[in-house]
Amino acid sequence: MNIQAIKEQFPILQQEVNGHPLVYLDSAASSQKPRSVIDAISRYYETDHSNVHRGVHTLGSRATEAYEGAREKVASFLNAAHPEEIVFTRGTTTALNLVASSYARSVCKEGDEIVITPMEHHSNLIPWQQAAKATGATLKYIPLQPDGSLSLADVEKTITPNTKVVSVTYVSNVLGVVNPIKEITAIAHRNGAVMVVDGAQSTAHLKIDVQDLDCDFYAFSGHKMCGPTGIGALYGKKSLLEKMEPIEYGGEMIDFVDLYESTWKDVPYRFEGGTPIIAGAVGLGAAIDFLQQIGLDEIDKHERRLAAYAYDKLTAMDGITVYGPSSNRVGLVTFNLGDIHPHDVATVLDSEGVAVRAGHHCCQPLMRWLNVSATARASFYLYNTEEDIDRLADALLKTKEFFGHAIG
Amino acid sequence: MQLDDLYRRVIMDHYKNPRNRGTMDNEAVTINLNNPTCGDRIQLQLQVEEGVVKDARFTGEGCSISMSSASMMTEAVKGKTFGEAQAMAEKFSALMKGEPAEFEEYEEIEALSGVNKFPARIKCATLAWNALRKGIEQQQ
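Residues numbered from 1 in each chain as written. Chains lettered and ligands numbered in written order. Predicted model: local features only at pLDDT ≥ 70, side-chain atom pairs only at ≥ 80, totals over all residues. Heavy atoms only, no water.

Colleague: Before we move on, can you summarise the overall build of chain A with the specific residues and values?
Modeller: For chain A, the count of helices and strands is 14 helices and 17 strands. Computed over C-alpha atoms, the radius of gyration of chain A comes to 22 Å, within 12% of the 22 Å expected from 2.2 N^0.38 for 408 residues, which places it in the range of a compact globule. Oriented by its inertia axes, the alpha-carbon framework of chain A measures out at about 75 × 55 × 35 Å. Across the 408 residues of chain A, 59% fall into the buried class. Expressed as a percentage of contacts within chain A between residues at least 6 apart in sequence, the contacts between residues at least 24 apart total 71%. Carbon together with sulfur atoms contributes 49% to the accessible area of chain A, which is approximately 16,000 Å² in total. Side-chain charges of chain A comprise 35 positive and 50 negative groups, with the mean position of each set lying 2 Å from the other. (Helix = DSSP H or I, 4+ residues; strand = E, 2+ residues; numbered from the N terminus. Rg over C-alpha atoms; globule rule 2.2 N^0.38 Å. Buried < 20%, exposed > 50% of the residue type's maximum accessible area, 1.4 Å probe, protein only. Contact = heavy atoms within 4.5 Å. Areas by Shrake-Rupley, 256 points an atom, 1.4 Å probe, with all protein chains shown as cover. Lys, Arg positive; Asp, Glu negative; His and termini not counted. Charge placed at Lys NZ, Arg CZ, Asp CG, Glu CD.)

Take a look at the structure:
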């Protein structure tokens with residue numbers, strides 16, 4: 001894997017920010033886009049655009065082909081059994097909300113349980129909180145180990161025959177920990193529950209095989225994996241999707257409409273109301289091509305190496321607290337620099353051209369668990385190098401110096 | 001991007017030695033405000049008598065900019081009528097937009113003018129002032 005050659009394919013990375021070559025370490029929030037994805041979107045608008053499914057003309061067919069072609073690419077990328085198991089959504093959040101609003105609300109009743117963890121992103125927490133409130137089900141949390149990981153013994157204890165839904169993130173966007181999804185899925189199934197996976201932080205970095213994981217639903221966003229914003233997908237086992245009611249009405253999801261009754265199309269169309277983000281799907285397809293050309297295994301290896309390098313480098317620095325487990329982590333390092341507030345850290349890093357995230361990362365319950373109000377986070381992707389992490393470390397030393405004088 | 005424009009000595013002094021940090025137990029007007037995008041939190045308490053802010057205190061968690069801004073604002077607002085306090089909040093908005101604004105009531109606030117060059121940090125600086133506006137609105 002030639003990182004320099006990969007980096008050169010990302011036009012946005014070839015710039016200076018505040019007088020320094022940009023080091024972009026915020027890919028967990030949103031990744032940058034390679035030339036091939038940008039070009040695929042332009043080309044679609046320049047030559048093929050039309051609405052999908054309805055146009056009885058050449059462009060209509062081309063647009064439909066491009067959109068459905070992207071669905072097939074996503075299906076094969078996740079190793080889904082059928083393209084119909086892929087529902088295009090705006091992203092992970094919409095996908096998880098769809099499962100919570102349609103599946104969970106129709107299945108759960110008082111006395112049932114929904115199981116999640118305290119490390120969930122707000123998008124995989126609030127939909128379940130609301131579904132529990134609406135149905136009378138109990139929301140239960142699998143506790144975290146002191147280092148922020150999950151223990152299977154705790155998973156066994158938390159999931160019971162009353163559990164109807166288990167929803168867990170594959171990779172934590174704060175701790176970087178990779179959760180044992182396959183094992184959790186097996187425990188969920190043994191208790192008769194369905195397994196939902198928040199794949200927002202895993203799909204870009206790990207090889208995903210939904211059949212091997214045997215999860216029932218899997219949600220992800222395109223923009224974190226070199227694709228455009230506004231597109232993502234929900235994978236759902238066909239037998240489950242077929243039992244679900246749509247939550248948005250209009251457009252392509254319609255089969256037959258009468259004055260007082262209507263019927264819906266088959267899955268996945270019944271969940272794709274309105275004109276979909278066709279160019280987004282095309283861009284996502286191009287991103288999948290790009291990632292597959294490099295190879296997800298290669299990307300995974302590179303990122304684990306980077307995460308370990310960053311973890312070692314930062315933990316060796318005086319006055320830094322690094323959160324999360326020391327091993328089995330991908331893609332990111334979350335930390336605090338002494339008493340300096342992470343916003344102040346991020347501003348000084350930015351002045352050195354180093355872009356990191358600072359705040360609660362949409363994980364307020366996890367911040368409380370870590371006993372902090374906010375953290376800084378450096379997240380990596382296939383275009384990052386060891387030198388980028390060295391630049392981060394140098395900029396952190398400068399930050400310490402700057403605030404050392406200022407705060408004392 | 002000059003960091004010294006943002007982190008002026010007087011700002012760091014307010015961060016290190018915040019004025020009016022704490023709570024009041026008498027009948028104070030209490031406003032809780034979050035900045036949900038970054039996790040900053042402030043609780044502002046105002047002791048109000050006949051439309052005049054007699055005392056102001058704050059607690060909260062946040063970066064140097066949000067906490068020093070709160071410290072300065074509470075100093076500035078003490079003894080001011082609602083009208084005067086609102087006028088100051090307006091002036092502070094102007095300062096954040098890069099417009100020249102003088103705070104003869106409490107000149108140290110002008111040190112925050114550099115925040116205007118750091119758009120990502122304007123929300124930090126305005127949190128306490130938004131709490132003040134909310135408190136006054138509640139009383140009117």
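Colleague: Which residues make up the sheet that holds strand β3 (residues 52-61) of chain B, and what are the values?
Modeller: All names here are of chain B. On the basis of which strands lie adjacent, the open sheet formed by three strands has the order β1-β2-β3 and antiparallel pairing. Two strands lie at the open edges of the sheet, namely β1 (29-35) and β3, each paired on one side alone. Each strand axis lies, on average, 20° off the axis of its neighbour in the sheet, ignoring direction. Alignment of strand β2 (residues 40-49) against β3, held across nine bridges, turns out to be antiparallel. Pairing of Gln-45 across the sheet is with Arg-57, part of β3. Those strands touched by helix α3 (residues 64-77) are β2 and β3, and its axis lies near 170° from that of β3. Where helix α5 (residues 122-139) meets the sheet, its contacts fall on β1 and β2, and the angle it forms with β1 comes to roughly 145°. (Pairing = 2+ DSSP bridges. Axes fitted to C-alpha atoms, helices over the stretch in contact; angles between N-to-C directions.)

Colleague: Account for the interface of chain B and chain A, with residues named and values stated.
Modeller: Contact with chain B, which involves 21 residues of that partner, is made by 19 residues of chain A. Here chain B packs against chain A, burying approximately 1,500 Å² in sum over the two surfaces, 61% of which is carbon and sulfur. At the junction of chain B and chain A, the tally comes to one salt bridge. Seen at the junction of chain B and chain A, the total is five residue pairs in polar contact (both at pLDDT 80 or more). Breaking the side of chain B that touches chain A down by element, the ones donating at least two residues are α1 (3-6), α2 (9-16) and α3 of chain B. Here the side of chain B that touches chain A is composed, by residue class, of 12 nonpolar, four polar and five charged. (Buried area = accessible area lost by both parts, 1.4 Å probe. Salt bridge = Lys/Arg side-chain N within 4 Å of Asp/Glu carboxyl O. Polar contact = N/O pair within 3.5 Å; in protein donor to acceptor, adjacent residues only side chain to side chain. Nonpolar A, V, L, I, M, F, W, Y, C, P; charged D, E, K, R; others polar.)

Colleague: Please provide a residue-by-residue account of the sheet that holds strand β16 (residues 357-359) of chain A, values included.
Modeller: Residue and element names in this part refer to chain A. Read across the sheet, four strands follow the order β13-β14-β17-β16 without closing on themselves; strand pairing throughout is antiparallel. In the strand order of this sheet, the two ends are held by β13 (320-323) and β16, each with one partner. Ignoring which end each strand starts from, the neighbouring axes of this sheet average 30° apart. Pairing geometry for β16 and strand β17 (residues 375-379), over three bridges, is antiparallel. The partner of Gly-359 across the bridge, within β17, is Thr-375. Against the sheet, helix α11 (residues 296-315) contacts β13 and β14 (332-337), and its axis sits at roughly 15° relative to β14. Against the sheet, helix α12 (residues 342-351) contacts β14, β16 and β17, and its axis sits at roughly 160° relative to β16.

Colleague: Let's hear about the UniProt feature "domain: Aminotransferase class V" (unreviewed entry) in chain A: which residues, and what values?
Modeller: Within this numbering scheme, the UniProt entry marks residues 23-392 of chain A as carrying the feature "domain: Aminotransferase class V" (unreviewed entry). Across residues 23-392 of chain A one finds 40% helix and 17% strand; the C-alpha atoms that close the span lie 8 Å apart. (UniProt positions renumbered as here; feature names shortened; annotations may be inferred.)

Colleague: Before we move on, could you go through empty space enclosed by the protein and cite the residues and values that matter?
Modeller: Residues and elements named next belong to chain A. Using the criterion set out here, one finds one cavity of 30 Å³ or more in the structure. Surrounding the largest cavity, Ala-28, Val-171, Gln-201, His-205, Glu-303, Val-330, Gly-331, Leu-332, Ser-379 and Phe-380 form its lining. For the lining of the largest cavity, the class distribution of residues is five nonpolar, four polar and one charged. (1 Å grid on protein atoms, 1.4 Å probe; cavity = no way out; pocket = protein on both sides within 12 Å on 5 of 7 lines; lining within 4 Å. Points joined across faces, edges and corners; volume = space filled by probe spheres on them.)

Colleague: I'd like to hear about the side chain of B:Gln47, residue by residue, with values.
Modeller: Residues and elements named next belong to chain B. Mapping Gln-47 onto the fold places it in strand β2. At a separation of 3.3 Å, a polar atom in the side chain of Gln-47 contacts the side chain of Glu-49. When sequence neighbours within four positions are dropped, the list of residues in contact with Gln-47 reads Met-24, Asn-26, Val-52, Val-53, Lys-54 and Asp-55.

Colleague: Go over the packing of aromatic side chains with me, naming the residues and quoting the values.
Modeller: All names here are of chain A. Taken as a whole, this structure holds 12 aromatic pairs over all chains when the rule is applied. Between Phe-10 and Tyr-383, the ring centres sit 4.8 Å apart and the planes meet at 70°, which makes this aromatic pair edge-to-face. Of this pair, Phe-10 sits in the loop between α1 (3-7) and β1 (16-17) while Tyr-383 is found in the loop between β17 and α14 (386-407), placing the two residues 373 residues apart along the sequence. For the pair shown, Phe-10 and Tyr-383 are each scored as buried. (Phe/Tyr/Trp six-rings, centres within 6.5 Å; stacked < 30°, edge-to-face > 60°.)

Colleague: Just give me the short version of the UniProt feature "domain: NIF system FeS cluster assembly NifU N-terminal" (unreviewed entry) in chain B, but keep the residues and values in it.
Modeller: Summarizing the sequence annotation, UniProt attributes the feature "domain: NIF system FeS cluster assembly NifU N-terminal" (unreviewed entry) to residues 7-124 of chain B in the numbering used throughout. From the first C-alpha to the last, residues 7-124 of chain B spans 13 Å; its make-up is 34% helix and 23% strand.

Colleague: Run through the confidence of the model for chain B, naming residues and quoting values.
Modeller: Across chain B, the average pLDDT comes to 93, with 99% of residues at 70 or higher. Quick note on the complex model: pTM equals 0.94, ipTM equals 0.89. (pLDDT = per-residue confidence, 0-100.)

Colleague: Would you mind going over the environment of B:Ala28 in detail, with residue names and values included?
Modeller: For B:Ala28, the position within the fold is in the loop between α2 and β1. Setting aside anything within four residues of it in sequence, one finds B:Ala28 in contact with B:Gln45 and B:Leu46.

Colleague: Give me the lowdown on the domain arrangement of chain A, citing residues and values where you can.
Modeller: All names here are of chain A. When its domains are assigned, chain A resolves into domain 1 (3-30 + 295-406) and domain 2 (37-293). Computed over C-alpha atoms only, the centres of domain 1 and domain 2 are separated by 28 Å. With both sides pooled, the region where domain 1 packs onto domain 2 buries about 2,800 Å², and carbon together with sulfur makes up 63% of that total. It is Leu-296, Trp-369 and Tyr-381 that lose the most area in domain 1 upon contact with domain 2, and together they represent 22% of the buried surface on that side. At the surface where domain 1 touches domain 2, the tally comes to zero salt bridges. At the boundary of domain 1 with domain 2, the tally comes to 17 residue pairs in polar contact (both at pLDDT 80 or more). Broken down by secondary-structure element, the contributors of at least two residues to the side of domain 1 that touches domain 2 are α11, β14 and α13 (364-370). (Domains from an automatic or database assignment.)

Colleague: Please provide a residue-by-residue account of the packing of helix α2 (residues 35-48) of chain A against helix α3 (residues 58-78) of chain A, values included.
Modeller: Residue and element names in this part refer to chain A. Following both chains from N to C, one finds α2 and α3 inclined at 160°, their axes separated by 10 Å at the closest point. Between α2 and α3, the interaxial angle falls into the category roughly antiparallel. Contact residues: α2 offers Tyr-44, Thr-47 and Asp-48, while α3 offers Leu-59, Arg-62 and Ala-63. Split by residue class, the contact of α2 with α3 holds three nonpolar, one polar and two charged. (Parallel < 35°, antiparallel > 145°, perpendicular 65-115°, else oblique.)

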